[in-house]
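# Report on the structure
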Amino acid sequence: MSRGSGGGYDRHITIFSPEGRLFQVGNVSIHTSPRSFVSRENFPCFVVEYAFKAVKAAAVTSIGVRGKDSVCVVTQKKVPDKLLDQTSVTHLFPITKYLGLLATGMTADARTLVQQARNEAAEFRFRYGYEMPVDVLSKWIADKSQVYTQHAYMRPLGVVAMVLGIDDEKGAQLYKCDPAGHFYGHKATSAGLKEQEAINFLEKKMKNDPALSYDETVQTAISALQSVLQEDFKATEIEVGVVRAENPVFRVLSTEEIDEHLTAISERD
Amino acid sequence: MGDSQYSFSLTTFSPSGKLVQIEHALTAVGSGQTSLGIKASNGVVIATEKKLPSILVDEASVQKIQSLTPNIGVVYSGMGPDFRVLVRKSRKQAEQYHMLYKEQIPVTQLVRETAAVMQEFTQSGGVRPFGVSLLVAGYDDKGPQLYQVDPSGSYFSWKASAMGKNVSNAKTFLEKRYTDDVELEDAIHTAILTLKEGFEGQISGKNIEIATIGPKRIFKVLTPAEIDDYLAEVE
């Protein structure tokens, strides 16, 4: 039996294998980069690893960048069929008026996650009387993902979620939650097919902790995507979502606004 | 817990009498980032490496050491998501005790209840063991205490212990340096030196976490600035 098939351990979807790996969620993408082997628990789960593969199989790359007082996320908008209604194809979802979620990976799993997140955020607001903060929602999503890695009866979701919002105390926040149940706050990050290349690009850009303005944030995100995928986009080929401290509502940019930024980028270069 | 379809345990005995899943869980712990704890005569210190996947990660958003009650804290080696589950359960157990007895839960009891949860997951249907070992540090009427809990649910009280990638070197180092009457401040320095031993790269307040509990019985996670001060003292 080839090594890649899990050696008989992938039938019971959440148990450990001899190398201390859980089958089905997985840090495959993390291990491939030389820099990141010291990263999280060096300790991938196959149940989890396959879920990460599913995220990559969607063949879409997403990028998120946090500026000084704004956050921008951008993703490819691949419409596989001309007959499809483009407005219904989206990976960018408002969870509340103030929180946005960019889901990279399996769209059906994304919709489940978004539905549950919306419910949870609404209940939170009702129960506690104030808006659910970004980190609390991210933790909730990550904790749910962890349950799927430990209980055999549910498979992990094939989705990496980037949550963005403006926190009352901490300002602009960008969190990323993965099928393994990990979640971190990020200055910039990426998910999907070209995740590692994008992270390498962003690390160079954000090395000196620049305090990016709103325009710089959006343009860094879009130009990172363009650079990593090595193509120049039209405004209809990408989706962009933002939150800004001066107007903390989560907003999806219109095609015209995206065009303005694309033009600014090409003029800059 | 678990669906009715999985009313059988996934952790079963091998012919040689071992619970192989637990062994694998320990392997998982052994590949985790190094953490350690030292019990001093007047307190306990716990510490861990905090290596993040990328410089893009906001290290202020990550806190590996967590408090369970005002006078008990915990650190782990292994899988972070599993750790969060245990922290949540332990906090709830501590709070339930407090509600019933109007008293802070003793360290031994909290450790025992947490360990019982971990054991449950090695025997119940449709679940896997937790991929973490915990170091629980607390100070109650019995004095300063340090416990290590393993994925099997077994726990021991330690004078000093380490877990994770660099466990053997760290333990050797601690064995040499430990004395029964060590004071908290010295213990903090020893903890830092132990972490430094196996540390890849430049150690700083941003890539390690340290927490202490002293005679005032308040569990406190040190700020990066305070850690940097201690690092300077150690130089």
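Note that the structure is predicted; figures quoted are calculated from it, not measured. (Residues numbered from 1 in each chain as written. Chains lettered and ligands numbered in written order. Predicted model: local features only at pLDDT ≥ 70, side-chain atom pairs only at ≥ 80, totals over all residues. Heavy atoms only, no water.)

## A word on the overall build of chain B
Rules: Strands are runs of DSSP state E lasting at least 2 residues, helices are runs of H or I lasting at least 4, and numbering of each runs from the N terminus. A radius of gyration in this sense is built from C-alpha atoms; the matching globule rule multiplies 2.2 Å by the number of residues raised to 0.38. For every residue, the accessible area obtained with a 1.4 Å probe (protein chains only) is divided by the maximum for its type, and the residue is called buried under 20%, exposed over 50%, and partly exposed between those limits. Throughout, a residue-residue contact means that at least one pair of heavy atoms, one from each residue, lies within 4.5 Å. Computed with the Shrake-Rupley method and a 1.4 Å probe, the accessible areas treat only the protein chains shown as cover for residues.
The secondary structure content of chain B amounts to 6 helices and 10 strands. Taken against the 2.2 N^0.38 rule, which gives 18 Å for 235 residues, the C-alpha radius of gyration of chain B at 18 Å falls within 12% of a compact globule. For chain B, the C-alpha atoms occupy an extent of roughly 55 × 45 × 35 Å along the three principal directions. In chain B, buried positions account for 57% of the 235 residues. Long-range pairs, those at least 24 residues apart, make up 66% of the contacts in chain B with a sequence separation of at least 6. Total accessible area computed for chain B in this model is approximately 10200 Å², and 51% of it derives from carbon and sulfur atoms.

## Quick notes on the pattern of salt bridges
Residue and element names in this part refer to chain B. Formally: Should a side-chain nitrogen of Lys or Arg be within 4 Å of a carboxyl oxygen of Asp or Glu, the pair is scored as a salt bridge.
Overall, the coordinates contain 20 salt bridges over all chains when judged by the stated rule. Its salt-bridge partner being Lys159, residue Asp180 comes within 3.7 Å of it at the nearest N-O pair. Linking Asp180 in the loop between α4 (167-177) and α5 (184-197) with Lys159 in the loop between β7 (155-157) and β8 (160-163), this pair joins segments that are 21 residues apart in sequence. Given the relative accessible area of 46%, Lys159 is considered partly exposed. Between Glu235 and Lys196 there is a salt bridge, with its nearest N and O atoms 2.9 Å apart.

## Quick look at the sheet that holds strand β11 (residues 247-252) of chain A
All names here are of chain A. In plain terms, the rule: Strand pairing requires that DSSP identify at least two bridges connecting the strands. Fitted lines through C-alpha atoms give the axes, limited to the stretch in contact for helices. The angle between two N-to-C directions lies from 0 to 180 degrees.
The antiparallel open sheet is built from 5 strands, whose spatial order is β9-β2-β3-β10-β11. Here the strands that pair on one side only, and so sit at the sheet edges, are β9 (188-192) and β11. Pairwise comparison of adjacent strand axes, ignoring direction, gives a mean angle of 10° for this sheet. As defined by bridge partners, strand β2 (residues 61-66) adjoins β9 across 5 bridges and the pair is classed as antiparallel.

## Digging into the interface of chain B and chain A
Let me state the cut-off plainly: By convention, the term buried area covers the 1.4 Å-probe accessible surface removed from two parts as they join, with the contributions of both added. Contacts described as polar in this section are N or O atom pairs within 3.5 Å, which, within protein, must combine one atom able to donate a hydrogen with one able to accept it, while residues neighboring in sequence count only if both atoms come from side chains. Under the convention adopted here, Pro, Cys and the residues Ala, Val, Leu, Ile, Met, Phe, Trp and Tyr are nonpolar, Asp, Glu, Lys and Arg are charged, and Gly plus all remaining residues are polar.
Taken residue by residue, the interface counts 42 residues in chain B and 44 residues in chain A. On the chain B side of the interface with chain A, the three residues burying the most area are B:Leu56, B:Arg84 and B:Arg128, jointly 21% of the side's total. Run the count over chain B and chain A and you get 3 salt bridges. Notably, a salt bridge pairs B:Arg84 with A:Asp143, separated by 2.6 Å at the nearest N-O pair. One can count 13 residue pairs in polar contact (both at pLDDT 80 or more) joining chain B with chain A. Those elements that provide at least two residues to the side of chain B that touches chain A are α1 (20-30), β4 (72-78) and α2 (80-101) of chain B. Take the side of chain B that touches chain A: its biggest share by element is 6 residues, from α2(B). A per-class count over the side of chain B that touches chain A returns 20 nonpolar, 12 polar and 10 charged.

## Examining the sheet that holds β8(B)
All names here are of chain B. One open sheet holds the 5 strands; their spatial order is β8-β1-β2-β9-β10, and the pairing between them is antiparallel. Sheet topology places β8 and β10 (219-221) at the edges, where each strand pairs with a single neighbour. Taken over all neighbouring pairs, the strand axes of this sheet differ in orientation by 10° on average, direction set aside. Pairing analysis gives 3 bridges linking strand β9 (residues 208-213) to β10, with the strands arranged antiparallel. Among the inter-strand pairings, Ala211 is bridged to a residue of β10, identified as Val221.

## Re the UniProt feature "domain: Proteasome alpha-type subunits" (unreviewed entry) in chain B
This is how it is decided: UniProt positions are given in the numbering used here, feature names are shortened, and annotations may be inferred rather than shown by experiment.
As recorded in UniProt, the feature "domain: Proteasome alpha-type subunits" (unreviewed entry) lies at residues 6-28 of chain B. Here residues 6-28 of chain B runs as 39% helix and 0% strand, with 24 Å between its end C-alpha atoms.

## Side note on the packing of aromatic side chains
Going by this rule: To pair, rings of Phe, Tyr and Trp, with the six-membered ring standing in for Trp, must have centres within 6.5 Å; the planes then decide the type, stacked if under 30 degrees apart, edge-to-face if over 60, and tilted in the middle. Two conditions define a charge located above a ring, namely a distance within 6 Å from the ring centre to NZ of Lys or CZ of Arg, and an angle within 35 degrees of the ring normal.
One pass over the structure, following the stated rule, counts 7 aromatic pairs over all chains. Centre to centre, the rings of B:Tyr76 and B:Phe83 are 4.2 Å apart; their planes meet at 20°, and the pair counts as stacked. A single burial state applies to B:Tyr76 and to B:Phe83, both of which are buried. Here the aromatic rings of B:Tyr97 and B:Tyr101 are separated by 4.7 Å at their centres, their planes lie at 50°, and the arrangement is tilted. Of the two residues, B:Tyr97 and B:Tyr101 are both situated in helix α2; the distance of 4 residues between them amounts to about one turn of the helix. Among the residues examined, B:Tyr97 registers a relative accessible area of 12% and is labelled buried. Site record: aromatic cluster; members linked through ring pairs are A:Phe124, A:Tyr128 and A:Tyr130. Of note, B:Lys51 hangs over the ring of B:Phe199, and the distance from its end group to the ring centre comes to 4.4 Å. Against the face of B:Tyr76 rests B:Lys64, its NZ or CZ located 5.2 Å from the ring centre.

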